[in-house]
Structure formats: C-alpha cells, structure tokens
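Chain by chain, the residues run as shown.
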Amino acid sequence: MDIGVEEIREWHLEKGFADVGYHKVIRRNGDIEDGRPENIVGAHARPINSISLGVCLVGGVDDNKKPENNFTPKQFKSLEAILRLWKAKDPDAQIIGHKDVPGVKKACPSFNVKPWAKEKFNA
Ligand SMILES: [Zn+2]
C-alpha cells in the first residue's frame, strides 16, 4: 500500500496510542517521514521502547499479507541513511529487526536485519 505516516498515525491513535508509534516512516518511494520526536519514547517494540528508536518501512507483506521482503531499493537507501544518523548519535546502538526483539513473535520486517546491518555498518 502506498501509505505513510498520516495513515499509520490514524491507526495508532485508534489503538489508543498518543501518536504514531514510530520515530520514522519510510514510504514505498523511499520518502522519509517524521513520526514521533526522537526525544519521546516510541510504541513499536514493547519490551525495548524506552531504550530504542523505531523506523517502519511500508510494505513487507504479499497480497495475502504473508511476510515478503518486497521493499524497494529506495526504501533500503533511506533506511541506511536514517540508521547512519542514529548510529552517529549512539555508536554503540544495536540495529535489530522487530522479530529480533526478545519475546516478539512477528515476522517483520520480513528480512534478516542483523546480517544486513553487519554488512552496511559492520555492527
Ligand atoms: Zn513490527
């Protein structure tokens, strides 16, 4: 779906969140949209919200809502750019996917973030 932070904010407000749960949203065309301010705790990965920043890539499921790594090259470029900024602010920060969060039984983001991050950031 070609959606962005506006639509996701609406869903999250309906869920009772104070604002969109993520700090950044990357649209299908690679555009980066601001979510919550980075000094506000997110609502994106329950046990680690207070010690992490959250970025959401739009997509990642097929027509049957099954997990699929269908993110666009522009989305991956934008993801890398965001994480470079965040890494500069906090060099020791780990880069992990939602599914890597302890206790989380989800497939997102439909690709293995750790090996990807290791290649890009050696981290
Ligand atoms: Zn997720």
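Our subject is the structure that appears above.
Undergrad: Teacher, can you tell me more about the pattern of salt bridges here?
TA: Oppositely charged side chains can form a pair if their charged atoms are brought close together. Taken as a whole and judged by the stated rule, the model has eight salt bridges. Where K24 meets D34, a salt bridge forms, and the shortest distance between an N and an O atom there is 2.3 Å. Separated by ten residues along the polypeptide, K24 in strand β1 (residues 24-26) and D34 in strand β2 (residues 32-34) bring together distant segments of the chain. Between R27 and E33 there is a salt bridge whose closest N-O contact spans 3.1 Å. Here R27 matches E33 in class, with each residue buried.

Undergrad: I'm lost on the sheet that holds β2 in this one. Help?
TA: Spatial ordering of the open sheet is given by β2-β1-β3, a layout of three strands whose pairing is mixed. The sheet is open, and its two edges are formed by β2 and β3 (55-57), each paired on a single side. The sheet shows a mean angle of 20 degrees between the axes of neighbouring strands, direction not considered. Sheet topology places β1 next to β2; three bridges connect them, and they run antiparallel. The residue of β2 that forms the bridge with V25 is E33. Sheet contacts for helix α1 (residues 5-14): β1, β2 and β3; angle to β2, the most-contacted strand, approximately 40 degrees. Sheet contacts for helix α2 (residues 73-89): β1, β2 and β3; angle to β1, the most-contacted strand, approximately 160 degrees.

Undergrad: I would appreciate a short explanation of the coordination of the zinc ion in the present structure.
TA: Metal coordination angles have textbook ideals: 109.5 degrees for a tetrahedral set of four donors and 90 or 180 degrees for an octahedral set of six. On the protein side, the zinc ion has H98 (ND1) and C108 (SG) as donor atoms, found 1.9 to 2.2 Å from it. You can see H98 sitting in the loop between α2 and α3 (113-121) and its partner C108 sitting in the loop between α2 and α3, a full ten residues away along the chain. Of the residues examined, H98 reaches a relative accessible area of 22% and is grouped as partly exposed. Residue C108 is classed as partly exposed on the basis of its relative accessible area of 31%.

The rules behind the values
- Residues numbered from 1 in each chain as written.
- Predicted model: local features only at pLDDT ≥ 70, side-chain atom pairs only at ≥ 80, totals over all residues.
- Heavy atoms only, no water.
- Salt bridge = Lys/Arg side-chain N within 4 Å of Asp/Glu carboxyl O.
- Helix = DSSP H or I, 4+ residues; strand = E, 2+ residues; numbered from the N terminus.
- Buried < 20%, exposed > 50% of the residue type's maximum accessible area, 1.4 Å probe, protein only.
- Pairing = 2+ DSSP bridges.
- Axes fitted to C-alpha atoms, helices over the stretch in contact; angles between N-to-C directions.
- Contact = heavy atoms within 4.5 Å.
- Donors = N, O, S within 2.8 Å, 3.2 Å for Na, K, Ca; no water.

Interpretation note: all reported values are geometric properties and have no functional meaning in isolation.
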